[in-house]
Amino acid sequence: MKIHQALNEPLPGVIRAKGHFWVATRPDWVAEFSLAGALSTVKPLGKWWATIPEERWPDHAQALEYIRNHWQEPFGDRRQELVFIGAGIDWPRLKAQLDGCLAPVESSDGLAGFAGADDPFPLWRDAREAA
């Protein structure tokens, strides 16, 4: 199952959800998911630190500690962090639905193999690209 399908499928018992994740076809972008009642959105939140040259990282100790604590080779700080709140949530079903979206990385080229994969999201550009 694709992530856009999983997030648009009925999520029985889920009242609110929020968080961020990464999409294999857009490895530079942090995607944000928000659900409140029947309204849901997926939009770009920014770029992963893994895509930013280290000389442009913040020099604040707390920010660097955050980056290092969330760093895992070979993908850097890219990760999924989603929170679901509700009543009577079928947790095994929800977990299976989301786990079905995970992309297998089986080769040494990592995400390069997903470059031509189906991508249902609209074009995301940062402000520099839009000018």
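Anything mentioned here points back to the structure above.
Analysis parameters
- Residues numbered from 1 in each chain as written.
- Predicted model: local features only at pLDDT ≥ 70, side-chain atom pairs only at ≥ 80, totals over all residues.
- Heavy atoms only, no water.
- Helix = DSSP H or I, 4+ residues; strand = E, 2+ residues; numbered from the N terminus.
- Buried < 20%, exposed > 50% of the residue type's maximum accessible area, 1.4 Å probe, protein only.
- Contact = heavy atoms within 4.5 Å.
- Areas by Shrake-Rupley, 256 points an atom, 1.4 Å probe, with all protein chains shown as cover.
- 1 Å grid on protein atoms, 1.4 Å probe; cavity = no way out; pocket = protein on both sides within 12 Å on 5 of 7 lines; lining within 4 Å.
- Points joined across faces, edges and corners; volume = space filled by probe spheres on them.
- Polar contact = N/O pair within 3.5 Å; in protein donor to acceptor, adjacent residues only side chain to side chain.
- Pairing = 2+ DSSP bridges.
- Phe/Tyr/Trp six-rings, centres within 6.5 Å; stacked < 30°, edge-to-face > 60°.
- Arc of directions from axis to C-beta.

1. Details of the overall build of the protein
Helix and strand counts for the protein come out as four helices and four strands. Starting at the N terminus, the α and β elements of the protein follow one another as α-β-β-β-α-β-α-α. Out of the 131 residues in the protein, the part that is buried amounts to 32%. Contacts in the protein between residues far apart in sequence, at least 24 positions, make up 57% of those at least 6 positions apart. Approximately 8,500 Å² of the protein is accessible, and the part contributed by carbon and sulfur atoms is 55%.

2. Looking at empty space enclosed by the protein
All told, the structure shown has one cavity of 30 Å³ or more when counted by the stated rule. Approximately 40 Å³ is the volume found for the largest cavity. Every residue lining the largest cavity is listed: Pro10, Leu11, Pro12, Val14, Ile89, Asp90, Arg93, Leu94 and Gln97. Sort the elements by how many residues they give to the lining of the largest cavity and helix H3 (residues 91-99) lands first, with three residues.

3. What about the environment of Glu73?
Among the structural elements, Glu73 can be located in the loop between helix H2 (61-69) and strand E4 (81-86). Among the polar contacts listed, one links the side chain of Glu73 to the side chain of Trp71, at a separation of 2.8 Å.

4. Side note on the pairing of strand E1 (residues 14-23)
The buried fraction of E1 is high, at seven of 10 residues. Relative to E4, E1 runs antiparallel, the two sharing six bridges. The residue bridging Arg16 from the neighbouring strand is Ile85, located in E4. Relative to strand E2 (residues 26-36), E1 runs antiparallel, the two sharing seven bridges. For Val23, the partnering residue across the bridge sits in E2 and is Arg26.

5. Here's the deal with the environment of Pro74
Secondary-structure assignment places Pro74 in the loop between H2 and E4. A relative accessible area of 61% means that Pro74 is categorised as exposed. In the structure, Pro74 is positioned 24 residues away from Ala50 in sequence and 9.8 Å away in space, judged by C-alpha atoms.

6. Brief notes about the packing of aromatic side chains
In the structure shown here, the tally under the stated rule is five aromatic pairs. Consider the rings of Trp22 and Phe75, whose centres lie 5.3 Å apart with planes at 45°: the pair is tilted. Remark: Phe75 occurs in the loop between H2 and E4 and Trp22 occurs in strand E1; sequence separation between them is 53 residues. Arranged with centres 6.4 Å apart and planes meeting at 70°, the rings of Trp49 and Trp57 form a pair that is edge-to-face.

7. Some details on H3
Each full turn of the α-helix corresponds to 3.6 residues, which orients residues three or four apart in the same direction. Taken together, the buried positions of H3 are occupied by Leu94, Gln97 and Leu98. One face of H3 carries all of its buried residues, which in axial projection span an arc of 95°. Seen from the open side of H3, the exposed residues pointing more than 90 degrees away from its buried face are Pro92 and Lys95. Lining the buried residues of H3 we find helix H1 (3-8), E1 and E4.

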